[in-house]
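# Geometric and topological summary
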Amino acid sequence: MHNKAKLGTLSILAILLVVFYMVIDAGGNWDYILPRRGKKIFAIILTGAAISLSTMVFQTVTNNRILTPSIIGLDSLYMLIQTGFLFVMGATTLTMMSKNVGFVISVGLMVLFALLLYHFMFKREGQNIYYLLLVGLIFGTLFQSISTFMQVLIDPNEFLLVQDKMFASFNNVNTDLLLLSVAGIIAVTLYFMRFAKYLDILSLGREQAVNLGVNYDYVVKRLLIIVAILISIATALVGPITFLGILVANVTHEFMKTYRHSSLIFGSILISVIALVGGQLLVERVFTFSTTLSVIINFVGGVYFIYLLLKGNKA
Amino acid sequence: MIEVRGISKQYGNKNVVENVSLQIPTGKITSFIGPNGAGKSTVLSMMSRLIKMDQGEVFIEGRELSKWNSNDLAKKISILKQSNHINVRLSIKDLVSFGRFPYSQGNLTKEDWKYVEEAIAYMELTDIQDKYLDQLSGGQRQRAYLAMVLAQNTEYILLDEPLNNLDMKHSVQIMKVLQKLVREWNKTIIIVIHDINFASCYSDYIVALKDGKVIKEGTTDEIIDPTVLKEIYEMDFEIHNINGNQICVYFT
């Protein structure tokens, strides 16, 4: 099969990169290096999978290829939560506080926000999904402004702590959080499997989906909740990196050239692992940690985004 | 049997559909006719649960629409709207195979593929079945969507202006296919149609809507009548019998 060959190639490339990342420059200190790098790779695969899955689903539900789930304001909310903690409790309490607690609170608040947003938007019948996105976008801007406001008030030293959180980084992923995230992501993914078969149909649009017997509102609401939880966990684990999703989703569509989500989602997960591990190699070996992965991803993603817009303009 | 009891729909303060009640005859082609903005498509959409009604009920085989399981309903009734744009790249065969989703939930069996092939052949698309939708002419695309509805193999088929974008040859071909479906498979077909002569020549029953209300309904002979048509369209009609068909002339 054509698709299988493509997926095979991607798998091999991903595995090669992972192995290369694990063994490069090891210098014989296997006991020290393997667990450290293994943890990082694991976090990369986990967030890559969560983000590409949620972006794929989000783009299918909205029938739009240039949207990312961050449009409903989850990234900005994450920054607001981090800044808010610091602003209210100060740096000492924050560094003393267990990381697990902070993580659970962040994820909890983000999911709660998404649920409230969906609840109020879906309560009124006939609401366009773009209306939901627009309201989310406005909330995102609001959160961003409040964060900025608090950031200019706090002590510059404390601001450094916030700044640290602004960019996604895999360099200091906490093991406890990793386990918590794995549990969360696996649970959500299992729940997602019930709805996976509807994705191909949803890409035909609402009317065709209803005609073919999909309980549209029910399924779309569940899928959007799944997206929100996945994004929240990934963001709380490594920082705001949802821009990766749009990059990966579009590359996957270009590369796979299929409508079947089973292939698309698997392919997008592999591509995101390739992008992240490749990017991390660049950060560590070429830039020797002078930049972060999200800067590279955002740069490449931004260039690709402009290319997409220009290409769409011509067509 | 589809029965509509007093359905209404408002957009803002405007009543688009007002207290419409209908009984659709089984095993026949029923045409919805009427001027633009009469609410024909809205009635069709409400009958097929695409949009919710503000008042009233629709019964399909005695059971109210909202009481049906969505997937079971998709095996009973299918709807094709007039504008279909799809963002994904699909071949005709892919599209038609989606019609089997209510039966297979995405894993098509041999039997499902048989239906898909039959539907494609019925619509004379076999030669181009591997072409992508964006490579097709408007008429070919319209036939591809109809093939998908055929593959869905429902007792009730609702079509919103199926002759849009089609030339005379393909319009006639589609109407003949619909007649065949009614005669051979005892399907019940409801179409929204603008060309009064197509309605006259091919339908068994006609429902005329105007300003959101049913103003006339009856057999084709009862509706294709100068006084009745004048009331519906507010213009003069001459009706001539040509080879057994009632043809309306309204080019004044």
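Residues numbered from 1 in each chain as written. Chains lettered and ligands numbered in written order. Predicted model: local features only at pLDDT ≥ 70, side-chain atom pairs only at ≥ 80, totals over all residues. Heavy atoms only, no water.

## Observations regarding the overall build of chain B
Counting its regular elements, chain B contains 10 helices and 12 strands. In terms of its C-alpha atoms, chain B occupies a principal-axis envelope of roughly 55 × 45 × 35 Å. Across the 252 residues in chain B, those meeting the buried criterion constitute 56%. Side-chain charges of chain B comprise 29 positive and 32 negative groups, with the mean position of each set lying 5 Å from the other. (Helix = DSSP H or I, 4+ residues; strand = E, 2+ residues; numbered from the N terminus. Buried < 20%, exposed > 50% of the residue type's maximum accessible area, 1.4 Å probe, protein only. Lys, Arg positive; Asp, Glu negative; His and termini not counted. Charge placed at Lys NZ, Arg CZ, Asp CG, Glu CD.)

## Overview of the interface of chain B and chain A
Listed as interface residues are 28 residues of chain B and, on the opposing side, 20 residues of chain A. Summed over both sides, the interface between chain B and chain A buries roughly 2,100 Å², with carbon and sulfur atoms accounting for 54% of that surface. Of all residues in chain B, the largest losses of buried area upon contact with chain A belong to B:L50, B:F98 and B:F101, amounting jointly to 28% of the total for that side. Inspection of the region where chain B meets chain A yields 0 salt bridges. (Contact = heavy atoms within 4.5 Å. Buried area = accessible area lost by both parts, 1.4 Å probe. Salt bridge = Lys/Arg side-chain N within 4 Å of Asp/Glu carboxyl O.)

## A look at the packing of aromatic side chains
Overall, the coordinates contain 12 aromatic pairs over all chains when judged by the stated rule. With a centroid separation of 5.4 Å and 80° between ring planes, the pair formed by A:Y191 and A:F195 is classed as edge-to-face. Here A:Y191 and its partner A:F195 are both found in helix 7 (residues 175-196), 4 residues apart, which amounts to about one turn of the helix. On the basis of relative accessibility, which here comes to 30%, the residue A:Y191 falls in the partly exposed class. When its relative accessible area of 2% is taken as the criterion, A:F195 is described as buried. By the ring-pair criterion, three or more aromatic residues cluster together here, those being B:Y233, B:F237, B:Y250 and B:F251. Taking the ring centre of A:Y216 as reference, the NZ or CZ of A:R206 above it sits at 5.6 Å. (Phe/Tyr/Trp six-rings, centres within 6.5 Å; stacked < 30°, edge-to-face > 60°. Lys NZ or Arg CZ within 6 Å of the ring centre and 35° of its normal.)

## A closer look at the packing of helix 2 (residues 30-62) of chain A against helix 11 (residues 243-256) of chain A
Residues and elements named next belong to chain A. Where helix 2 contacts helix 11, the two axes come as close as 9 Å, and the packing angle between them is 70°. Classified by the angle between their axes, helix 2 and helix 11 sit roughly perpendicular to one another. Together, I51, S52, T55, M56 and Q59 of helix 2 and L244, G245, I246, V248, A249, N250, T252 and H253 of helix 11 make up the contact between the two elements. Residue composition of the contact of helix 2 with helix 11, grouped by class: 6 nonpolar, 7 polar and no charged. (Axes fitted to C-alpha atoms, helices over the stretch in contact; angles between N-to-C directions. Parallel < 35°, antiparallel > 145°, perpendicular 65-115°, else oblique. Nonpolar A, V, L, I, M, F, W, Y, C, P; charged D, E, K, R; others polar.)

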